[in-house]
Protein chains: 2
Amino acid sequence: MYVMVIYDISDDKIRTKVAERLKDYGLKRIQYSAFFGKLNQNRREELMFRLNDYIILTNGSIIMIPICEKDRSQIIKLENIDYEFDEVEEA
Amino acid sequence: MYVMVIYDISDDKIRTKVAERLKDYGLKRIQYSAFFGKLNQNRREELMFRLNDYIILTNGSIIMIPICEKDRSQIIKLENIDYEFDEVEEA
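Residues numbered from 1 in each chain as written. Chains lettered and ligands numbered in written order. Predicted model: local features only at pLDDT ≥ 70, side-chain atom pairs only at ≥ 80, totals over all residues. Heavy atoms only, no water.

Going by an unreviewed UniProt entry, chain A carries the name CRISPR-associated endoribonuclease Cas2 and comes from Tepidibacillus fermentans. You can read under Subunit (unreviewed entry) in the UniProt record for chain A the words "Homodimer, forms a heterotetramer with a Cas1 homodimer." Among the UniProt annotations of chain A, the heading Sequence similarities (unreviewed entry) holds the following wording: "Belongs to the CRISPR-associated endoribonuclease Cas2 protein family." (UniProt positions renumbered as here; feature names shortened; annotations may be inferred.)

Looking at the interface of chain A and chain B
One frequently used descriptor of interface size is the decrease in accessible area upon assembly of the parts. With 40 residues of chain A in contact, the opposing surface of chain B contributes 40 residues. Across the interface of chain A and chain B, roughly 3300 Å² is buried in total on both sides, 54% from carbon and sulfur atoms. Inspection of the region where chain A meets chain B yields zero salt bridges. Our count for the chain A to chain B interface comes out at 22 residue pairs in polar contact (both at pLDDT 80 or more). Breaking the side of chain A that touches chain B down by element, the ones donating at least two residues are strand 1 (2–9), strand 2 (28–31), helix 2 (41–55), strand 4 (60–67) and strand 5 (76–80) of chain A. Considering every element that reaches the side of chain A that touches chain B, the biggest residue donor is strand 4 of chain A, with eight residues. In terms of residue class, the side of chain A that touches chain B is built from 25 nonpolar, nine polar and six charged. (Contact = heavy atoms within 4.5 Å. Buried area = accessible area lost by both parts, 1.4 Å probe. Salt bridge = Lys/Arg side-chain N within 4 Å of Asp/Glu carboxyl O. Polar contact = N/O pair within 3.5 Å; in protein donor to acceptor, adjacent residues only side chain to side chain. Helix = DSSP H or I, 4+ residues; strand = E, 2+ residues; numbered from the N terminus. Nonpolar A, V, L, I, M, F, W, Y, C, P; charged D, E, K, R; others polar.)

Quick word on the sheet that holds strand 1 of chain A
One open sheet holds the five strands; their spatial order is 2(A)-3(A)-1(A)-4(A)-5(B), and the pairing between them is antiparallel. Taken across any chain shown, the strands that pair with only one partner, and hence form the sheet edges, are strand 2 of chain A together with strand 5 (76–80) of chain B. Neighbouring strand axes in the sheet, compared pairwise and without regard to direction, differ in orientation by 20° on average. Sheet topology note: the strand 1 of chain A/strand 4 of chain A ladder contains eight bridges and is antiparallel. What sits directly across from Ile-9 of chain A, in strand 4 of chain A, is Gly-60 of chain A. Its contacts with the sheet put helix 1 (residues 12–24) of chain A on strand 1, strand 2, strand 3 (34–38) and strand 4 of chain A, and the angle it makes with strand 1 of chain A is roughly 170°. Strands in contact with helix 2 of chain A are strand 1 and strand 4 of chain A together with strand 5 of chain B; relative to strand 4 of chain A, the strand with the most contacts, it is inclined by about 170°. (Pairing = 2+ DSSP bridges. Axes fitted to C-alpha atoms, helices over the stretch in contact; angles between N-to-C directions.)

Notes on the UniProt feature "binding site: Mg(2+)" (unreviewed entry) in chain A
Residues and elements named next belong to chain A. In the numbering used here, UniProt assigns the feature "binding site: Mg(2+)" (unreviewed entry) to Asp-8. Tracing the backbone shows Asp-8 in strand 1. Residue Asp-8 is classed as buried on the basis of its relative accessible area, which comes to 9%. (Buried < 20%, exposed > 50% of the residue type's maximum accessible area, 1.4 Å probe, protein only.)

What about the packing of aromatic side chains?
Any pair of aromatic rings gets described here by the distance separating the centres and the angle formed by the planes. Residue and element names in this part refer to chain B. Evaluated as defined, the whole model comprises four aromatic pairs over all chains. Pairing Tyr-2 with Phe-36 gives two aromatic rings, centres 5.1 Å apart and planes at 15°, and the pair type is stacked. Taken together, the positions of Tyr-2 in strand 1 (residues 2–9) and Phe-36 in strand 3 (residues 34–38) put the pair 34 residues apart, joining distant regions of the chain. Relative accessible area serves as the criterion here: at 7%, Tyr-2 is assigned to the buried category. (Phe/Tyr/Trp six-rings, centres within 6.5 Å; stacked < 30°, edge-to-face > 60°.)

Right, here's the structure in full:
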């Protein structure tokens, strides 16, 4: 199943660590504070368990949204960017 | 159906206008650059059509993700915040 993880984290160091953990789990960055990718239920729970260790150290919010295939196929993107982020795999 | 809209927009004025449009459509802010709420298909398309007028003026990305009831019920939130954002309606 696909997941999207979005976060608001005020501390720069912790924000960087959260991004690194998300990459460790194979998620791809699709916006500055948004990652997307495939994770099974165990990995989702394990990842959030780990991220909790960071969120207790700072002011912030991390939200993980599971995205079923049907929803993923209806994602709408408007982009006017000149930097390279990973792609949200189109349908 | 629920939707989440996330955005990265470099221009402050345009970012503010995008947030205002999202509120106009009844979406609630759940993070600094993330909104959540219920929108039917027509309203979703109409909203993105309007947001396109902004994104062509600046460097940025706006992504709208439809979220079915099952996925919404499995949203996981980790929060350590002292500011008030609207709630992602819990299951």
